[in-house]
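Listed here are the chains, written in short residue letters.
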Amino acid sequence: MNRVEGHDKVTGRARYAVEYPAGDVAYACPVQSEIAKGRVTAIDSADAAAMPGVLAVLSSDDPPDLAEDADPELRLFRGREVAYRGQFVAAVVADTYENARAAARAVRVTYAAEEHDVLLRADHPELYRPDKVNPGFPADTEKGDVAAGIAGAAVTVDVTYRTPVLHNNPMEPHAALAAWDGGDLTVHDSTQGAAADRDTIARTLGLPPGRVRVVSRHVGGGFGSKGTTRPHAILAALAARAAGRPVKVALTRQQLFDVTGYRTPTIQRLRLGCDAGGRLTAIEHEVREQSSTLVEFAEQAAVPARTMYATPALRTAHRLVRLDVATPSWMRAPGECPGMYALESAMDELAAAAGIDPVELRVLNEPDAEPAGGLPFSSRNLVACLREGARRFGWDRRDPAPGVRREGRWLVGTGVAASTYPAKRRPSQATATAEDGKFVVRIAAADIGTGARTALTAIAAATLGVPAARVRVELGDSDLPAAPLAGGSMGLASWGSAVVRACEELLRDGRHGTADTTAEIQAGGGYATHAFGAQFAEVRVDPATGETRVPRLLGVFAVGRVIDPDLARSQFVGGMTMGLGMALMEESVTDEEFGGFTNHDLAQYHVPACADVPDVRAYWIDEDDPHLNPMGAKGIGEIGIVGTAAAIGNAVHHATGLRVRDLPITPAKLLAGF
Amino acid sequence: MEITLRVNGDERTLPVDPRTSLLDLLRERLGLTGSKKGCDHGQCGACTVLLEGRRVNACLLLAVACDGLAVTTVEGLAGDGALHPLQEAFIAHDAFQCGYCTPGQLCSAAGMLAERGPSAVTEDLAAEPGLTAGEIRERMSGNLCRCGAYQGIVAAIAEVAR
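Counting of residues starts from 1 at the beginning of each chain's written sequence and follows it residue by residue. Chains and ligands are labelled by the order in which they are written, letters from A for the one and numbers from 1 for the other. Reporting of local features is limited, given that this is a predicted model, to residues whose pLDDT is at least 70; pairs of side-chain atoms are given and counted only at 80 or more, and all residues count toward the totals for whole chains, interfaces and linings.

Caption draft 1: Inspection of the overall build of chain B at higher detail. Every helix listed is a DSSP run of H or I at least four residues long, and every strand listed is a run of E at least two residues long, numbered separately from the N terminus. A count of helices and strands for chain B gives five helices and five strands. Counting from the amino terminus, chain B carries its helices and strands in the arrangement β-β-α-β-β-β-α-α-α-α. Within these notes, the globule rule equals 2.2 Å times the number of residues to the 0.38 power, and the radius of gyration is based on C-alpha atoms. A globule of 162 residues ought to have a C-alpha radius of gyration of about 15 Å, and chain B, at 16 Å, matches this closely. Working definition of burial: number of other C-beta atoms within 10 Å of the residue's own, with buried at 20 or more, exposed at 12 or fewer, and partly exposed in between, all C-beta atoms being placed from the backbone. Taking all 162 residues of chain B together, the buried fraction comes to 56%.

Caption draft 2: Structural view of the sheet that holds strand 15 (residues 266-274) of chain A. Residue and element names in this part refer to chain A. Strand pairing is assigned whenever DSSP identifies at least 2 bridges connecting the two strands. The mixed open sheet is built from five strands, whose spatial order is 9-17-16-15-10. Here the strands that pair on one side only, and so sit at the sheet edges, are strand 9 (141-143) and strand 10 (155-163). Ignoring which end each strand starts from, the neighbouring axes of this sheet average 10 degrees apart. In terms of strand pairing, strand 10 meets strand 15 through nine bridges, oriented antiparallel. Across the sheet, V159 pairs through a bridge with L270, a residue of strand 15. Contacting strand 10, strand 15 and strand 16 (280-292), helix 8 (residues 336-354) runs over the sheet at an angle of about 150 degrees to strand 10. Orientation is described by axes fitted as lines to C-alpha atoms, over the contacting stretch for helices, and by angles from 0 to 180 degrees between their N-to-C directions. Contact between two residues is assigned when their C-beta atoms, built from the backbone, lie within 7 Å.

Caption draft 3: A look at helix 5 (residues 150-161) of chain B. Expected span of a helix: the number of residues minus one, times 1.5 Å. Taking 1.5 Å per residue, twelve residues should reach 16 Å; helix 5 of chain B reaches 16 Å between its end C-alpha atoms and fits that length. If you check which residues of helix 5 of chain B are buried, you get Y150(B), Q151(B), G152(B), I153(B), V154(B), A156(B) and I157(B). Check the buried side of helix 5 of chain B and you find it contacts helix 14 (565-584) and strand 26 (616-620) of chain A together with helix 2 (85-92), helix 3 (102-113) and helix 4 (133-139) of chain B.

Caption draft 4: Geometry of the domain arrangement of chain A. All names here are of chain A. When cut into domains, chain A gives domain 1 (6-15 + 25-115 + 169-259), domain 2 (117-167 + 264-374), domain 3 (377-423 + 529-674) and domain 4 (429-523). Those domain boundaries reflect an automatic or database domain assignment. For domain 1 and domain 3, the distance between their C-alpha centres works out to 36 Å. Listed per partner, the contact involves ten residues of domain 1 and ten residues of domain 3. Looking at the side of domain 1 that touches domain 3 residue by residue, the class counts come to four nonpolar, three polar and three charged. Under the scheme applied here, ten amino acids are nonpolar (Ala, Val, Leu, Ile, Met, Phe, Trp, Tyr, Cys and Pro), four are charged (Asp, Glu, Lys and Arg), and all others, including Gly, are polar.

Caption draft 5: Representation of the nonpolar core in the model. Residue and element names in this part refer to chain A. Ranked by internal contacts, the top residues of the largest apolar core, which has 278 residues, are V92, A236 and A239. Ranked by residues supplied to this core, first place goes to helix 8 with eleven residues. Apart from residues no more than four positions distant in its own chain, V92 is found in contact with A28, C29, A48, V54, V57, A100, A103, A104 and V107. Structurally, a nonpolar core is described as a collection of buried Ala, Val, Leu, Ile, Met, Phe, Trp, Tyr and Cys residues joined by way of C-beta atoms within 7 Å.

Caption draft 6: How the structure looks around unusual backbone geometry. Residues and elements named next belong to chain A. The residue after N134, namely P135, is reached through a cis peptide bond having omega -5 degrees. Checked against the element boundaries, P135 lands in the loop between strand 7 (132-133) and strand 8 (137-138). Omega for the peptide link from L663 to P664 comes to -5 degrees, which places this bond in the cis form. Within the secondary structure, P664 sits in the loop between helix 15 (644-656) and helix 16 (667-673). In this structure, N169 takes a positive phi of about 50 degrees despite not being glycine. Structurally, the position occupied by N169 is in the loop between strand 10 and strand 11 (175-181). Non-glycine residue F223 carries a positive phi angle of around 55 degrees. Tracing the backbone through its elements, the reader meets F223 in the loop between strand 13 (212-215) and helix 6 (231-243). Note on F223: 30 C-beta atoms within 10 Å, which makes it buried.

Caption draft 7: Structural context of the packing of helix 2 of chain B against helix 5 of chain B. Residues and elements named next belong to chain B. Contact geometry of helix 2 with helix 5 gives a least axis separation of 8 Å together with a crossing angle of 140 degrees. Judged on the interaxial angle alone, helix 5 and helix 2 are oblique. You can see that helix 2 and helix 5 cross each other, and the crossing is right-handed. On helix 5, the residues touching P85, L86, A89 and F90 of helix 2 are A156, I157, E159 and V160. The residue makeup of the contact of helix 2 with helix 5, split by class, is seven nonpolar, no polar and one charged. Throughout this description, any angle smaller than 35 degrees is read as roughly parallel, any larger than 145 degrees as roughly antiparallel, any in the 65 to 115 degree range as roughly perpendicular, and the remainder as oblique. By definition, any crossing whose near helix is turned counterclockwise from its far helix by less than a right angle is left-handed, and any crossing with a clockwise turn is right-handed.

Caption draft 8: How the structure looks around the pairing of strand 1 (residues 26-32) of chain A. Residue and element names in this part refer to chain A. Judged by how many residues are buried, strand 1 sits mostly within the fold: seven of seven residues are covered. Examined bridge by bridge, strand 1 and strand 14 (residues 247-250) share two bridges and lie parallel to one another. Across the sheet, Y27 pairs through a bridge with K248, a residue of strand 14. By the bridge criterion, six bridges tie strand 1 to strand 5 (residues 88-94) in an arrangement that is antiparallel. The partner of P30 across the bridge, within strand 5, is A91.

Caption draft 9: How the structure looks around the domain arrangement of chain B. Residue and element names in this part refer to chain B. The domain boundaries assigned to chain B delineate domain 1 (2-76) and domain 2 (85-161). Broken down by secondary-structure element, the contributors of at least two residues to the side of domain 1 that touches domain 2 are strand 3 (48-51) and strand 4 (54-57). Ranked by residue count, the leading element in the side of domain 1 that touches domain 2 is strand 3, at three residues. Each residue belonging to the side of domain 1 that touches domain 2 can be placed in one class, and the counts come to six nonpolar, six polar and three charged.

Caption draft 10: Structural context of the interface of chain A and chain B. Facing the 47 residues of chain A at the interface are 49 residues of chain B. Elements represented by at least two residues in the side of chain A that touches chain B include exactly helix 1 (6-11), helix 3 (97-106) and helix 14 of chain A. The greatest single-element share of the side of chain A that touches chain B, amounting to six residues, is contributed by helix 14 of chain A.

Caption draft 11: Structural detail: the confidence of the model for chain B. A score between 0 and 100, pLDDT records how confident the predictor is in each residue. In the predicted model, chain B carries a mean pLDDT of 96, and the fraction of residues at 70 or more is 100%. In the predicted complex, the global pTM is 0.98; the interface-specific ipTM is 0.98.

Caption draft 12: Region of the structure containing the sheet that holds strand 12 (residues 184-189) of chain A. Residue and element names in this part refer to chain A. Taken in spatial order, the seven strands make up an open sheet running 3-5-1-14-11-12-13, and their pairing is mixed. The two strands at the open ends of the sheet, each matched to only one other strand, are strand 3 (54-59) and strand 13. Neighbour-to-neighbour, the strand axes of the sheet open up by a mean angle of 20 degrees, direction not taken into account. Sitting on the sheet, helix 3 is in contact with strand 1, strand 3 and strand 5, with an inclination near 20 degrees to strand 1. Lying over the sheet, helix 5 (residues 194-205) contacts strand 12 and strand 13, oriented at roughly 140 degrees with respect to strand 13.

Caption draft 13: Examining the environment of T72(B) more closely. Residue and element names in this part refer to chain B. On the secondary structure map, T72 appears in strand 5 (residues 70-72). C-beta crowding within 10 Å serves as the criterion here: with 20 such atoms nearby, T72 is assigned to the buried category. Placed 80 residues apart in sequence, T72 and G152 show a C-alpha to C-alpha distance of 24 Å.

Caption draft 14: Local environment of the pairing of strand 2 (residues 38-44) of chain A. Residue and element names in this part refer to chain A. Inspection of the sheet shows strand 2 paired to strand 4 (residues 81-82) by two bridges, in the antiparallel sense. Paired with R39 across the two strands is E81, which belongs to strand 4. Inspection of the sheet shows strand 2 paired to strand 6 (residues 108-113) by six bridges, in the antiparallel sense. Within strand 6, the residue paired with A42 across the bridge is T110.

Caption draft 15: Inspection of the environment of A78(B) at higher detail. The residue A78(B) is located in the loop between strand 5 and helix 2 in this model. Spatially, the C-alpha atom of A78(B) lies 15 Å from that of S108(B), the residues being 30 residues apart in sequence. Non-local contacts of A78(B), meaning those with residues more than four positions away in its chain, are made with T11(A), L83(B), H84(B) and Q87(B).

Caption draft 16: Fine view of helix 10 (residues 382-393) of chain A. All names here are of chain A. Between its first and last C-alpha atoms helix 10 spans 16 Å; for twelve residues at 1.5 Å apiece the expected length is 16 Å, and the two agree. Among all positions of helix 10, only L382, C385, L386, G389, A390 and F393 are buried. When helix 10 is viewed along its axis, its buried side chains cluster within an angular range of 125 degrees and face the same direction. Those residues of helix 10 that are buried lie in contact with helix 9 (358-364), strand 19 (410-422), strand 24 (530-541) and strand 25 (548-558). Positive phi shows up at G394, right after helix 10, with a value of about 85 degrees. Each direction from the helix axis to a C-beta atom contributes to the arc, which is the arc of those directions.

Below you can see the structure in the form of structure tokens.
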């Protein structure tokens, strides 16, 4: 089914956060810290305040009233301490964007800088074990005897993989339009969850949630970075109060790199052992990563190793160091994405060392139950994905020898990796009402490009037994029935469950149905619920220049029931495209001298362009899983990126014989190996 | 300064701050928010509009430099009551997800279809190249899509180019 908002999006009518008309609107521009650690000693805003059109200057000279227990990243201008370069230290509000920007540049801030520490190192003396990792997993797990498993193995690998800082970079920069009406605040925000954003904004400002409304009908991508409230939204609210007018804050692309979260860099050591037949004797996955001094965020990169393969000995561990950096946050498949890159690359190394086909090595180590926890899988079709992918890709024609295939100037190779992502859901509310010959579904869900509006329309129509054209879904507004945010690939499972129940009640009632799935979800459990998949990549590497191209990417996924094939394919292909960026080009380079990042725009942080992805295909197998939710569906927003970078890296090894264990795989790193 | 622009067929005369980009003029002064601001530095293509029929990044042009010129934005692509064939094809091929790059992709494609001459991937520089998928990908690589809808974008443009 075509996207229900497709017409609005191709005609420019779809309004994003700061595109709503507002009378007498003003503009706020932040002033950012130029040091990575220390104190603001003085803020001279006299020149800025005297410039044309300036309405207010906000800074710690006049600290706003914000909740003491609010997220420290959101407690703007409360203190003089600087925790990272790029942190907001002041802001200017003016009548036009041009005036605000010019005046923000005229604010002079002086600092007492202290020596900073911004670099993650494997031997950092302040690495520690966090109490838990995102969103609530234990930091470490241990089963069996890893040392004995390694010692008794016929084949072992002991390798360290590194991934860089990655930035989500949605096409729509984070932006908010805030307007006060007495003590009531309305924020048009670019957010992945209107209800959660409303709650955080209200808590930060010390308001009851009922006084705040967040509207986000269209969101220009998020990939996790809009899943938590960001400083621009609080700045817009404070600026609107100071100016007595509605205020827009539209972050620049450069500012996104500083204050909207990022994927932590990781250093991951993998020790694997297997017997002569290829059966694993041990897996050990140790992850080192960073957070800020403000907030502990520990990405769960070693968690997927607890799900993937049968092994008598399994140890996973996370260590964190707090640096003078911005707080890392969610980026598409936090945990699974970097963790599976390392695990699936190491599995490829083990396959090569053992002389076993990499597809077969994975099939050999298929577990009967979840390896770490012992729960049975509600459904697990990784083997089917590997087999179907191998068939479609032509894997059986593969010569395992690395570095031997040449076509013209290119060395050619192929690679495979597995992917996984949890299939969970959260409590949600929804209503369904018969109105004027239509059925209107209301839910504070978010459509950040996933197709949620369209998929929920299809789910409601199917439940009601009516054509989709008779259903209208209203979402993206915190005044609608409360719903969880779009994240963790849980959106559709959570919202869809509530929509099904509301529609079922409407069918009984004839006019109206209300649903709250809290009890239904609490009653579930007893199964390990995960989606699985397999990605296959063909690469070409020019040994003279180190250039790598990816002529083919193919993924096969097992995700329960697919609600809408077109939307699902776009999600998988989009995730795989982002995975290609991770493999070959994406990297934010930490500025060791000044803090922050040396690259902070789309000319220097490269994301895949149209010419980079000639052929990306996604398929899925039929999977019937009765233990999930009324739709029988697993989330699909994140699994596409998981595994892709490993498949490409493994293909680069197959093409060249070179193992680059430090993403991204750039021409310079390959040329250093040739 | 006062300037006159012809925007989607309508003549608009208004005073502008000389610092104002064409993009900010469209979005903040004329209420034409279809053109998007993704980077403000000419790196993403989300602001692509047609200026005198040629595709340009509206964020890289000062509004005062466009005095007297004709601008077509995504709001002006559709004819009376009917979508432009590219708009129809983008919907049919699911050539977008979040939709934020879409207006720029559409204007860029409309401009690209009117262009002549070889590109960096054209093999025979003397012949007029056909719009193969490879040519479309090359010519559309100034318009980034973080959702990764490129497969649909190329299919949609190829359908219209035929």
